[in-house]
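# Summary of structural features
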Amino acid sequence: QVQLVESGGGLVQAGGSLRLSCAASGLTFRSYVMGWFRRAPGKEREFVAGVSWSGDTVFYTDSVRERFIISSDNAKNTVYLQMNNLKPEDAAVYYCAAAPGRGRRPRTDEYYFWGQGTQVTVSS
C-alpha cells in the first residue's frame, strides 16, 4: 500500500520560511517523479514543484521559482520543499504526490498517489 505522509506545515509570518517533508512508503522511489501541489481556499489545486528520483530534474511553477527549493533523499524515500520568503498568497494546503515515470510532470492528472496534505498559513 502506497503512503505519502506530509509534515512541516504551520503558521509563519510573511518573509519567513518553512520546510515541508513527504515520506513515501510502498513504492519504488526511483520509479516516480515526486511533486508538490497546493490548494488555496476557493481555488483549484495547482502544481508547485517537482523532482525526479535522481534529483537531476527539478521544475517549478513560475511564482515560486526563486523562493522554493525541492529536493529528495532517496535513502529515506523522502522529498522536501524548502519555502523561503513566504507570501500571504502562498497560504494553502500543500500536497505531496507521486507520478510514475521520468521527466517533467507538472499536470495534476499525471500523479497517481497523493498525501493528505499539510496546512501552510502565512500572516501578513
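Right, let's walk through the structure included here. Everything quoted here is computed from the prediction, not taken from an experiment.

A few words now on the pairing of strand β3 (residues 18-25). Taken together, the five bridges between strand β1 (residues 3-7) and β3 define a ladder with antiparallel strand orientation. Its bridge partner lying in β3, Leu4 is registered against Ala24. In this sheet, strand β8 (residues 78-83) lies alongside β3 in antiparallel orientation, the contact comprising six bridges. The residue bridging Cys22 from the neighbouring strand is Val79, located in β8.

Moving on: the environment of Glu6. Among the secondary structure elements, Glu6 is positioned in strand β1. Overall, Glu6 belongs to the buried group, its relative accessible area being 10%. Sequence separation between Glu6 and Tyr95 is 89 residues, and the spatial gap between their C-alpha atoms is 7.2 Å. Leave out the neighbours within four places in its chain, and Glu6 touches Ser21, Cys22, Trp36, Tyr94, Tyr95, Cys96, Gly115, Gln116, Gly117 and Thr118.

What counts, and where the lines are drawn
- Residues numbered from 1 in each chain as written.
- Predicted model: local features only at pLDDT ≥ 70, side-chain atom pairs only at ≥ 80, totals over all residues.
- Heavy atoms only, no water.
- Pairing = 2+ DSSP bridges.
- Helix = DSSP H or I, 4+ residues; strand = E, 2+ residues; numbered from the N terminus.
- Buried < 20%, exposed > 50% of the residue type's maximum accessible area, 1.4 Å probe, protein only.
- Contact = heavy atoms within 4.5 Å.

No statement about biological role is implied by the geometric values presented.
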